[in-house]
Structure formats: structure tokens, C-alpha cells
Amino acid sequence: MTPDLSGCSPADVPARTGVVIVGGGPSGLLLSQLLHLAGIANVVLERRSRAYVLSRIRAGVLEQGAVDLLRRAGVGARMDREGLVHDGVEISFHDRRLRIDLADLTEGKTVMVYGQTEVTADLYEARDAMGGTVLHEAEHVQLHDLEGGRPFVTFRLGERYHRIECDFVAGCDGFHGVSRRSIPADRLRLFEMVYPFGWLGLLADVPPVHDELVYAGHERGFALCSMRSRTRSRYYVQCPLDEKVEDWSDDRFWTELVSRLPADIAGRLVTGPSIEKSIAPLRSFVAEPMRFGRLFLAGDAAHIVPPTGAKGLNLAASDIHYLSEALTAHYRRGDDSGLAAYSDRALARVWKAERFSWWMTTTLHAFPDRGAFAARMQEAEFDYLASSRAARQALAENYVGLPY
Ligand code: FAS
Ligand code: PHB
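Residues numbered from 1 in each chain as written. Chains lettered and ligands numbered in written order. Predicted model: local features only at pLDDT ≥ 70, side-chain atom pairs only at ≥ 80, totals over all residues. Heavy atoms only, no water.

### Examining helix α6 (residues 116-129)
Right, so step 1: Helix length check: α6 (14 residues) gives 20 Å between terminal C-alpha atoms against 20 Å at 1.5 Å per residue, within 8%.
Right, so step 2: The complete set of buried residues in α6 reads Q116, T117, V119, T120, D122, L123, Y124, A126 and R127.
Right, so step 3: After α6 finishes, the residue G131 shows a positive phi value of roughly 70°. (Helix = DSSP H or I, 4+ residues; strand = E, 2+ residues; numbered from the N terminus. Expected span 1.5 Å × (residues − 1). Buried < 20%, exposed > 50% of the residue type's maximum accessible area, 1.4 Å probe, protein only.)

Structure representation (C-alpha cells):
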């Protein structure tokens, strides 16, 4: 139902644009920046305030493809100054440690440790500098006429409703957004696996326990030692789904983390007061296709991965690479082949990342009801990695990111 638009004053909102981008997270902002650089008019509609978006603590590792794309978008300068290039990552299983030499196993590829919060801040700064239109606290966003060829989007800013006519809508509004839900259920195939545990994350201004990330499997549960800089660390412990973050004091978190790490790493842990603590559920999810008429889904709006493989933000980047290229070909050359191929092209990479994230999660987490055989399978996975370069090479090529 189209809301009553009478009395809306379009003074600060364009009546028409090329692409309306729903969602001002990394997907939406990166697409907006790339389209602007290609001379394609666009407007970003973000439900929350900028401060709220920038308060979220999420991903921490960027694949080479995402790093290259951010540089092409003109937002790589601070990342190149402050980001940490890592050429290896540790996997541990109880007291056994195994370093995966990413650079050696992938002919020189590495990952960049640089928080999603910083990526988002850099994108906002670039949008401001280029006079981009990012409308915050846009409520009741509704998508209309997506298959009719004259799509438009309605929304409320404050007390007033607005309408923007456009050529295309990019659904970059995450798992809980309105875009995917605007597609008729009989036009979508959904694939989902919900894991019987979550991740309790803690951010603290303490030096990282190790100079590379440590993914630790243990019978008490998974733990991850990550970082945001050489003075700010990010840690996670697997926790039951019904846990409440308020039941986890800092001391309880540090004690549990130490119990899951190899002794020689745990012995180096520097603890301190948390500056953020939160619990995130884990799920694998894919919606097919990633297109409906003039609507294109990208990032978490279309797919979710458990963060064990550090793929969530990186899949958003490859989606945006494909979509921005396809839209640019449409506007510059009237070539719609990229738009026609977008969903299949994006999903081909999405499903391989879903597989890797599922494999890392099932290999390293303690499943409540999994039994002795499954526990032996996890040990066998670790033994295979320890004894086979080919196994380590498979992990490494997925971790640094499969080709776009
Ligand atoms: P986002 O969800 O980041 O952004 C969507 C934006 O759309 C939000 O700002 C939202 O406010 C807005 N929006 C929603 N509905 C709207 C509407 N109706 N109208 C307008 N705007 C609307 N990935 C990793 O690689 N490593 C991690 O450790 C990790 N941790 C995570 C923890 C949590 C709690 C979550 C939810 C995700 C995590 N992820 C992680 C995945 C995450 O990084 C995503 O992959 C990344 O945020 C994807 O970016 P977007 O697609 O932009 O979606
Ligand atoms: C993080 O630093 O938040 C992080 C890093 C790697 C992951 C997940 C999260 O796989």
C-alpha cells in the first residue's frame, strides 16, 4: 500500500535518481561510492543513525579482493596506513598448534586485518567528501513496481513521506532488511542452517595475545583471538544460544578464553576491561536468486555465513564488485549482460564461501550432541591439515579469498 504522500516536501530529497540503495552498511556505502565514481546518480536510505551504524563491531579480516576494491573506490588510504597485513594464521586444537603459511601456500597472497567499523567510517567520509546522498533514519522504506520497469521507493524522514523514482533498487539492507522481503515468497528459494551456538565477542584495549589470528578448537568450545591494531584486541568464545551477555563478566570471559587456548599462547594473554561485549548467533543462509526485476540483492540481504571463515564482509565486497560493474555497463553502453548474469555470478562465489565457512565452523566448534565419532572427525581434520600441504593449501586459498 503506497502511503499518503500529500504534503511531502521533496526539497532535500531528489524526486528521481538512477539507483536507490537501501542500507547504509558496507555494501550500500561501497556501491554508492563506486556508482558515484562511475557518474551514476544514487541515493542511500539507511534506517539507523550514522552513529548507530558506526557503533556496530563486526568483521575484522579483509581478503585481497576486498582490499583492492576499497582502493579502487578511493577509500584505501587509512586502511593502507593502519591496517595489518597478515601472511599467516594459526589453527589450534587443544594444545596442538598449526600455522597456516598463507603467503607460501597461495604464491604470496595475504589478508588485511582492518575492522569493518573502520571500513564503514572511511566510506562515510568519502561519501561526505563527494557530496553523496546518504539519508539516515529513513523509516518505513517500501519498494514498488519492481517488475514494472518504473520502480520507485517510498519512505519517511521525520514526519514526512517521500517518493523517489529510479531505474534500479539495490537491496543492501542486511539479513533483517525490507528488500529480500519485498520479493514474493514463490520467487525465492531459501537455504538455511542455524548452528546450535553463538559467539560471545569482547573488544578490549590490550595488546593481541599473538601476532596473527588464532582459531582454537577445544572440547569446551571454539575460541578466536583476533585484533584491530597492535593495542586493541578482539576475542570470541563459542557460547550456548540461550546465553545472556549480562551473565558474562570480563573475568568469566577471560577465564573461559584461557581454558580453550594452547598453554603457551594462553600464558601470554594480557587481559583488561572490555569496551564492548556482544553475542551473535551463527547461521548459514542463502536466498536465490539475488535479483527480482529491477531489485538486486547484495551482502547480508542475500546471504549470511558463520563468521568462522571471515567471509561475511568479503562476500559483500564481491557482490558489490559484480553489481557496480553490471550497472556501469548498463549506463555507459546499454549493455545489460552483466545485470542478467549478476545473480548466477555472485551466487557461484557465495556458495563456495558458504562451504568454507560451514567447514571451518563444523571442524572447530563443539557441537552439543555430536558424539564421539564426530569428535574423532574433528581430530582427523586437524591431523590431515598438519600432515598435508594440499589440505593446508585448500584452507589457505579459501581464507585469502577465491578469485572474483
Ligand atoms: P549490514 O547488515 O552490515 O548493513 C545493512 C544496513 O541496512 C544496516 O546499516 C541496517 O541498519 C540497514 N537497514 C536494515 N533494514 C533497513 C531498512 N528497512 N531500511 C533502510 N536501511 C535498513 N563478518 C565477518 O566477516 N566477521 C565477523 O566477525 C562478523 N561478525 C558479525 C557480527 C554480527 C552481529 C553480524 C550481524 C554480522 C557479522 N559479520 C561478520 C557479517 C557482517 O560483517 C556482514 O557480512 C556485513 O555487515 C555485511 O554488510 P552489509 O551487507 O552492508 O549488511
Ligand atoms: C574479527 O576480528 O572480528 C574476526 C576475525 C576473523 C573472523 C571472525 C571475526 O573469522
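### Digging into the packing of aromatic side chains
Right, so step 1: Applying the stated rule across the entire model yields 16 aromatic pairs.
Right, so step 2: Both rings, one in W199 and one in F222, keep their centres 5.3 Å apart while their planes meet at 20°; by these two values the pair is stacked. Here W199, found in strand β13 (residues 189-204), pairs with F222, found in the loop between β14 (214-217) and β15 (223-227); they are 23 residues apart in sequence, far enough to count as distant.
Right, so step 3: Residue classification places W199 among the buried residues on the basis of a relative accessible area of 3%.
Right, so step 4: In this structure F222 comes out as buried when scored by relative accessible area, which is 0%.
Right, so step 5: Between Y215 and Y399, the ring centres sit 5.8 Å apart and the planes meet at 90°, which makes this aromatic pair edge-to-face. Residue Y215 is located in strand β14, and its partner Y399 is located in helix α12 (residues 389-400); the two are separated by 184 residues in the primary sequence. (Phe/Tyr/Trp six-rings, centres within 6.5 Å; stacked < 30°, edge-to-face > 60°.)

### Structural notes on the site of ligand 1
Right, so step 1: The immediate surroundings of ligand 1 are formed by 29 residues, with S27, E46, R56, R58 and Q116 found nearest.
Right, so step 2: Here an oxygen atom of ligand 1 and a side-chain polar atom of Q116 are 2.4 Å apart.
Right, so step 3: Surface burial for ligand 1 is 86%, taken as the share of its 990 Å² of free accessible area covered by protein chains.
Right, so step 4: Here the shell around ligand 1 is composed, by residue class, of 13 nonpolar, eight polar and eight charged. (Near = heavy atom within 4 Å. Polar contact = N/O pair within 3.5 Å; in protein donor to acceptor, adjacent residues only side chain to side chain. Areas by Shrake-Rupley, 256 points an atom, 1.4 Å probe, with all protein chains shown as cover. Nonpolar A, V, L, I, M, F, W, Y, C, P; charged D, E, K, R; others polar.)

### Regarding the site of ligand 2
Right, so step 1: Around ligand 2, 14 residues are found, and the nearest of them are Y215, S226, R228, Y236 and P307.
Right, so step 2: Take Y215: an N or O atom from its side chain is 2.7 Å from an oxygen atom of ligand 2.
Right, so step 3: Protein chains bury 98% of the 280 Å² of accessible surface belonging to ligand 2 in isolation.
Right, so step 4: Elements with a contribution of two residues or more to the shell around ligand 2: β15 and β16 (233-239).
Right, so step 5: Split into classes, the residues belonging to the shell around ligand 2 amount to eight nonpolar, three polar and three charged.

### Focus on the nonpolar core
Right, so step 1: One finds L31, L45, L62 and F155 to be the most contacted residues of the largest nonpolar core, which totals 74 residues.
Right, so step 2: Examining the composition of this core, we find that eight residues originate from one element, helix α9 (residues 312-333), more than from any other.
Right, so step 3: The residues touching F155, leaving out its near neighbours within four places in the chain, are V13, L45, L135, A138, E139, H140, V141, R160, Y161, H162 and I164.
Right, so step 4: The next biggest cluster of nonpolar side chains, apart from the first, holds 34 residues, and it includes L84, V89, M227 and W359. (Core = buried A, V, L, I, M, F, W, Y, C linked by side-chain atoms within 4.5 Å. Contact = heavy atoms within 4.5 Å.)

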